[in-house]
Amino acid sequence: DSVALNTAYAYATVLTVCTLILAILHHLYFYHVQCAGMRLRIAMCHMIYRKALRLSNMAMGKTTTGQ
């Protein structure tokens, strides 16, 4: 019957739209998380670099690469 067919089309359309919205929001979420992670990485590298510049030559000789 045509009412059931129209209902099925409506459900299929709603399901497709919801899937598209989920995909867009999912990608936006991961984009923002990766941007925040990159900012944190840059900040940590900056802090480590500034600390290494403040060390004296004698202190620099006592520290290992991993330290």
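Each value, and the rule that gives it
Per chain, residues are indexed from 1 in the order of the written sequence. Since the coordinates come from a predicted model, pLDDT governs what is reported: local features require at least 70, and pairs of side-chain atoms require 80 or more to be given and counted, while whole-chain, interface and lining totals use all residues. Side-chain metrics rest on all non-hydrogen atoms present in the structure, leaving aside hydrogens and water. Runs of E in the DSSP output that reach at least two residues are strands. Runs of H or I that reach at least four are helices, and both are numbered from the N terminus. The atom set for the radius of gyration is the C-alpha atoms, and the globule formula is 2.2 Å times the number of residues raised to the power 0.38. Three labels apply to residues, based on accessible area from a 1.4 Å probe with only protein chains included: buried if under 20% of the type maximum, exposed if over 50%, partly exposed otherwise in between. Methods summary: accessible areas were calculated by the Shrake-Rupley approach with a probe of 1.4 Å, and residue burial reflects only the protein chains presented. Nonpolar side chains (Val, Leu, Ile, Met, Phe, Trp, Tyr) are joined into patches within 5 Å and like charges within 9 Å, using only residues with over 30% relative accessible area and no salt bridge. Salt bridges are defined as contacts in which a side-chain nitrogen from Lys or Arg sits within 4 Å of a carboxyl oxygen from Asp or Glu. Contacts are assigned to residue pairs with any non-hydrogen atoms lying within 4.5 Å of each other.

Identification of the protein chain as Multidrug resistance-associated protein 4 isoform 1 from Macaca mulatta is taken from an unreviewed UniProt entry.

Trainee: Sorry if this is basic, but what is going on with the overall build of the protein chain here?
Mentor: From N to C terminus, the protein chain includes two helices and zero strands. Relative to its length of 67 residues, the protein chain is extended, with a C-alpha radius of gyration of 27 Å against a globular reference of 11 Å. For the protein chain, the spread of C-alpha atoms along the principal axes amounts to about 90 × 15 × 5 Å. Every one of the 67 residues in the protein chain was classed for burial, and the buried ones make up 0%. Total accessible area computed for the protein chain in this model is approximately 6500 Å², and 70% of it derives from carbon and sulfur atoms.

Trainee: Would you mind going over a nonpolar patch on the surface with me for this structure?
Mentor: There is a patch of nonpolar side chains on the surface, built from Val 17, Ile 21, Ile 24, Leu 25 and Leu 28 and spanning about 450 Å² of accessible area. As for its position among the elements, Leu 28 is in helix α1 (residues 2–54).

Trainee: Explanation requested: the environment of Met 60 in the structure shown.
Mentor: Assignment of secondary structure puts Met 60 in helix α2 (residues 57–62). Taking the C-alpha atoms as reference points, Met 60 and Cys 45, 15 residues apart in sequence, are found 17 Å from one another. Among residues more than four places away in sequence, those in contact with Met 60 are Ala 52 and Leu 55.

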